[in-house]
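Single-letter residue listing:
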Amino acid sequence: MTRNNRLAAAAVGAVVVAAAIAATVVACQATGDPTPGASTSPTATASASPSPSPTTPDPEAQAVKDAEYAVRNYYEVTGVMLQDPENFNFEDAKKVAISSSLVDVQNAYGMYLNDEMHDIGTVAIDSIELKNVDLTDKPKAKPPVVPVVEFLVCLDSSDVNTVDKTGKSLNAPGQDPRSLIRAGVANYEYPDGPWLVAYTTLEEGKKC
Amino acid sequence: MLRRILVVLMVVLPLQLAAAPAAMADDPVTCTPPNQFNPITKRCTISVGDGGENGGGDTPPGDTGGENSGGGGSNGPARCEVGNYGYGDLGVVTGLADPQPPGNDPVWEGHYPDGAIYKCEGTPGVGGGRIGVPPLRLFWAATPPNAPPPPDPEDLAREAIAQMQLSPIQIGIVPEDAPGRIGVVGMPTYMWAENPGQNTIGPITRSASAGGFTVTATATVDRIVWDMGDGSSVTCEGPGTPYEDRFGREPSPTCGHTYTSQGRFTVTARSYWTVAWQGIGETGVIPLDLADSTQITIGEAQVIGQ
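This section reports on the structure supplied with the text. Being a predicted model, the structure only gives us computed values, none of them experimental.

Conventions adopted
Residues numbered from 1 in each chain as written. Chains lettered and ligands numbered in written order. Predicted model: local features only at pLDDT ≥ 70, side-chain atom pairs only at ≥ 80, totals over all residues. Helix = DSSP H or I, 4+ residues; strand = E, 2+ residues; numbered from the N terminus. Buried ≥ 20, exposed ≤ 12 C-beta atoms within 10 Å, placed from the backbone. Contact = placed C-beta atoms within 7 Å. Nonpolar A, V, L, I, M, F, W, Y, C, P; charged D, E, K, R; others polar.

Side note on unusual backbone geometry
- Backbone torsion omega between A:Tyr190 and A:Pro191 reads 5 degrees, so that peptide bond is classified as cis.
- Residue B:Pro113 follows B:Tyr112 across a cis peptide bond; omega there is 5 degrees.
- Here B:Pro113 shows up in the loop between β4 (90-96) and β5 (116-122).
- Despite not being glycine, A:Glu116 has its phi angle at roughly 55 degrees, a positive value.
- Within the secondary structure, A:Glu116 is located in the loop between α4 (99-114) and β1 (118-120).
- Using a count of 18 C-beta atoms within 10 Å as the deciding quantity, one classes A:Glu116 as partly exposed.
- The residue B:Ile280 is not glycine, and still its phi comes out positive at about 55 degrees.
- For B:Ile280, the location among the structural elements is in the loop between β16 (263-279) and β17 (282-299).
- With 24 C-beta atoms counted inside 10 Å, the residue B:Ile280 sits in the buried group.

Digging into the interface of chain A and chain B
- Between chain A and chain B, the residue contacts involve 44 residues of the former and 45 residues of the latter.
- Among the secondary structure elements, those contributing two or more residues to the side of chain A that touches chain B are α3 (59-83), α4, β3 (148-156), β5 (178-186) and β6 (196-202) of chain A.
- Of all the elements, α4(A) adds the most residues to the side of chain A that touches chain B, at 13 residues.
- For the side of chain A that touches chain B, a count of residues per class yields 24 nonpolar, 14 polar and 6 charged.

Brief notes about the environment of B:Ser271
All names here are of chain B.
- Summarising the element assignment, Ser271 is placed in strand β16.
- C-alpha separation for the pair Ser271 and Leu288, spaced 17 residues apart in sequence, amounts to 8.2 Å.
- Apart from the residues lying within four places of it in its own chain, the contact partners of Ser271 are Pro168, Ile169, Val221, Ile224, Asp289 and Leu290.

Following this line, the structure appears as structure tokens:
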């Protein structure tokens, strides 16, 4: 095969691959199934398809991705807060939490400031498991219905030492450092608004 | 602390015993009082004890595990329990949670979409010499809790200010206003707050309550403006530095002035206070200024020498 022939063959191959991706995206969008691997023939749709952008994400997949990022961001920002509450700008908390979770953050912030406590170290996210996705969006309903992604988050507090102003540890002895949290991430201005952690609750009696 | 809570209880319990929400119903972890619940990590920490005027880790009063209505009776403000965060256990209903939590949030206790989620706000603690952050709790109620208008928080803030008995600074100045004490033109004058205290320089924190509502205010002097009586004024950020013989003819490192003409001058020190208050779901700032005066005499060196 000549050099030109090899290039031509490669170009045909690229078109076929692109067409296959486009067909898969179309199939996923039509069925709502985020799993790739639809059986549509790539050659059959290559010329007829309107060729949606292969980068257009599935809404649910995108929501899960953004919501998981929000969960990680929530624990990162609250970790910064608990380590140095005196210098924490509470406006930063409003960028990662809303509703019940923002209340939680405010209570922790107040408790740490009031008792002059701080953490040494931060909680680690051991795992995040998707539990549920519901993108139903009825912002004008009373109460409003907003898109929510729920995760089960395994937190590991092994490296966290909560201390008072003298440096004395306040960690309650005998506690399991790992806890399983159900975290709901909501988007009150879907699809353009931010995903914010709206509630976190302990899955009592469950270990991770 | 305990006595105050008991006094509050005597007022509040008749209104809320029948409808006291269980503390932290959405997070069933129970931290043995006075240990504190960390709402981020969902773990308990050992209480550090009384963190200030409103600190402490007392068991939430009225925590009878009843319905989470959070409402009060018809004769008083809607009271509620904030939860065991080690401070400010009692609170008042300050309205609907905005935004309303998603239906999956356990705070709905399975009632979604019936009723609504309301906000309960406690009294901020005082730690590290400043007003803390008010504790909050969201709770479900089938109907709006009965909440007559609370008192104007600024009125309570002014009551708290009255308790502070704020005063102008006691003027310290060299040359001082005393027989035979005369300063010299061109030589440094030192100004400072003599015996600075909580009620002359701050910070000072007091609370005032009415009808079960509490507002806490903290007052601090931002600056002292000295009117030197010769047409000039000097602004000093702190209390100034008292003159000592070792300073000799050196100007004050923090708060001073040099007269360029002789005469008898009335010197006025005006302290500008900022009073930050917080309570009943609101915050605010009240500026104040307090002044006192003295007189000093400045002469030319050759005149004094004669």
